[in-house]
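# Reading the structure
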Amino acid sequence: MLLTVTMMLLAAIETKAQNRVYVTITDGIENKQVKALMEQNLTRMLTEINAAQRQDRDLDFNAMGITSNRVRRSMRMLWENTPFMCTDQEIVEHCIRTGSGYQIRNIPLMMKPTETRAFNEEEYQEAVVSFDRQGNVESFYLAIANNLYMNVVKSDLELTDLRRRQMILDYVEQFRTAYNQKDLNFLNQVYSDDALIITGRVITQRRVENDRLITSQKIQYNKQSKQRYIQGLRRIFTNARYFRVTFDDINVMRHPTNANYYGVTLHQGWTNNNYHDEGYLFLLWDFTDEYAPQIHVRTWQPDQLGDRRLNKDEIFTLSDFDIQ
């Protein structure tokens, strides 16, 4: 009997050790107390995420020490769509200073839709966790690739524009995560009421010339209002069991005369349980109100036309839209 109890205790200790994730912040923050709290909070968060995944249960936010309803809601929605786990037992990362606090990036995750609950290398993604100036968790998002992030941040820019670009990247990551969470409320807020939505699709044209059938393809563009787009998303979110949106290329351009407007072009992958496509997504962001930026234009076009990839001059950019 004693041997059985001992073996059970050892198994429990081993399982707890497997779940445990240790976080160390190397540099980027001088306040030792805030640094220690950030390490503690992120350690608790990732350890609980692993425990919940292994036990196939919901997240315990009390165990994480997360009190923010916004963070709880965001993580709960993402967990319901695609549960995940941290793949490393030790995270050693640099701290990035932001306008409102701090960020830790490059947190490795394995993700898989709820219908399988299995993990493989094809589902590898990374997370970014933001903290306020006191070291409390402020947000948890799926990150764009670190090389894309650094290419934008390290551009030869003025300090004020660098701060804006960090904000843009943060909102791009929120934007991407919102689709993975099926968060219709966030998307409804971030698109302006008069937003222009343009979607392209490849159509095939056939005609007969000299008794020969000639086939050609072109992209047909359709415009729709924000209201119609959100209604369509609601139907898609309801019918799809899971979503995965990824960005593997990004270009940020500031408007030459209106410093509050930025054009962001992304190469996007869109996957759900019964559909997949890849194409170019363009977003026109208005940062007049930095606390509530708006998207005025959203365009999507397939990246392939027949057997060829779209040329650079065929992809929508900031110069394609008249901004006063």
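Below: a short report on this structure. Keep in mind that what you see is a predicted model, and the values were worked out from it rather than measured.

## Focus on the overall build of the protein
Across its full length, the protein carries eight helices and 15 strands. Taken over 324 residues, the protein has a buried fraction of 48%. Looking at the protein alone, contacts between residues at least 24 apart form 58% of all its contacts between residues at least 6 apart. Total accessible area on the protein stands at roughly 17,400 Å², and carbon and sulfur atoms take up 47% of it.

## Focus on the environment of Ile198
Position of Ile198 among the secondary structure elements: in strand 8 (residues 191-209). Sequence spacing of Ile198 and Lys223 is 25 residues, and the spatial spacing of their C-alpha atoms is 4.6 Å. With residues up to four places along the chain from it excluded, the contact list for Ile198 reads Tyr221, Asn222, Lys223, Arg298, Thr299, Trp300 and Phe321.

## Comments concerning unusual backbone geometry
At Asn106, a position not held by glycine, the phi torsion is positive, near 65°. Inspection of the secondary structure assignment puts Asn106 in strand 5 (residues 101-111).

## With respect to helix 8 (residues 226-239)
Between the first and last C-alpha of helix 8 there are 20 Å, a value that for 14 residues agrees with the 20 Å anticipated at 1.5 Å per step. The set of residues buried in helix 8 consists of Lys226, Tyr229, Ile230, Gly232, Leu233 and Phe237. Looking straight down helix 8, one finds its buried side chains confined to an arc of 160°; they lie on one side. Those residues of helix 8 that are exposed and angled more than 90 degrees off the buried face are Arg228, Arg235, Thr238 and Asn239.

## Looking at the pairing of strand 6 (residues 124-132)
Along any regular strand, the residues point their side chains to alternate faces of the sheet. With eight of nine residues buried, strand 6 is to be regarded as a mostly interior element. Across eight bridges, the pairing between strand 5 and strand 6 is antiparallel. Residue pairing for strand 6: Pro108 is matched across the bridge by Glu126. Direction of pairing for strand 6 relative to strand 7 (residues 137-142): antiparallel, over a ladder of five bridges. From the neighbouring strand, Ser130 faces strand 7, where its bridge partner is Ser139.

## Overview of the environment of Thr288
Counting through the fold element by element, Thr288 comes out in the loop between strand 12 (275-286) and strand 13 (294-302). Using a relative accessible area of 54% as the deciding quantity, one classes Thr288 as exposed. Sequence separation between Thr288 and Ala259 is 29 residues; the distance between their C-alpha atoms is 8.8 Å. At 2.5 Å, the side chain of Thr288 forms a polar contact with the side chain of Asp286.

## Some points on the packing of aromatic side chains
What describes a pair of aromatic rings is the distance from one ring centre to the other and the angle between the planes of the rings. With the rule as written, the count across this model stands at 17 aromatic pairs. Look at Tyr179 and Phe237: their rings are 6.4 Å apart centre to centre, the planes differ by 80°, and that puts the pair in the edge-to-face class. Linking Tyr179 in helix 6 (residues 159-181) with Phe237 in helix 8, this pair joins segments that are 58 residues apart in sequence. Residue Tyr179 shares its accessibility class with Phe237, and that shared class is buried. Each ring, one from Trp285 and one from Phe287, has its centre 5.9 Å from the other, and the planes form 35°; the classification is tilted.

## Focus: the side chain of His255
Looking at where His255 falls in the secondary structure, it is placed in the loop between strand 10 (243-254) and strand 11 (261-272). Polar side-chain contacts of His255 include one of 3.0 Å to the backbone nitrogen of Asn258. In contact with His255, other than residues within four places in its own chain, are Tyr261, Leu318 and Ile323.

## So, the pattern of salt bridges
Between side chains of opposite charge, pairing is possible as soon as their charged atoms come close. In this structure the tally under the stated criterion is nine salt bridges. Glu48 is paired through a salt bridge with Arg57; the nearest N and O atoms lie 2.7 Å apart. Its relative accessible area of 7% is what places Glu48 among the buried residues. Its relative accessible area of 27% is what places Arg57 among the partly exposed residues. Between Arg163 and Glu290 there is a salt bridge, and its shortest N-O distance comes to 3.0 Å. Here Arg163, found in helix 6, pairs with Glu290, found in the loop between strand 12 and strand 13; they are 127 residues apart in sequence, far enough to count as distant.

## Comments concerning the pairing of strand 3 (residues 90-93)
Here strand 3 shows one buried face, formed by Ile91 and Glu93, and one open face, formed by Glu90 and Val92. Examined bridge by bridge, strand 1 (residues 22-25) and strand 3 share four bridges and lie parallel to one another. In the sheet register, Ile25 faces strand 3, and the bridge partner there is Glu93.

About the thresholds
Residues numbered from 1 in each chain as written. Predicted model: local features only at pLDDT ≥ 70, side-chain atom pairs only at ≥ 80, totals over all residues. Heavy atoms only, no water. Helix = DSSP H or I, 4+ residues; strand = E, 2+ residues; numbered from the N terminus. Buried < 20%, exposed > 50% of the residue type's maximum accessible area, 1.4 Å probe, protein only. Contact = heavy atoms within 4.5 Å. Areas by Shrake-Rupley, 256 points an atom, 1.4 Å probe, with all protein chains shown as cover. Expected span 1.5 Å × (residues − 1). Arc of directions from axis to C-beta. Pairing = 2+ DSSP bridges. Polar contact = N/O pair within 3.5 Å; in protein donor to acceptor, adjacent residues only side chain to side chain. Phe/Tyr/Trp six-rings, centres within 6.5 Å; stacked < 30°, edge-to-face > 60°. Salt bridge = Lys/Arg side-chain N within 4 Å of Asp/Glu carboxyl O.

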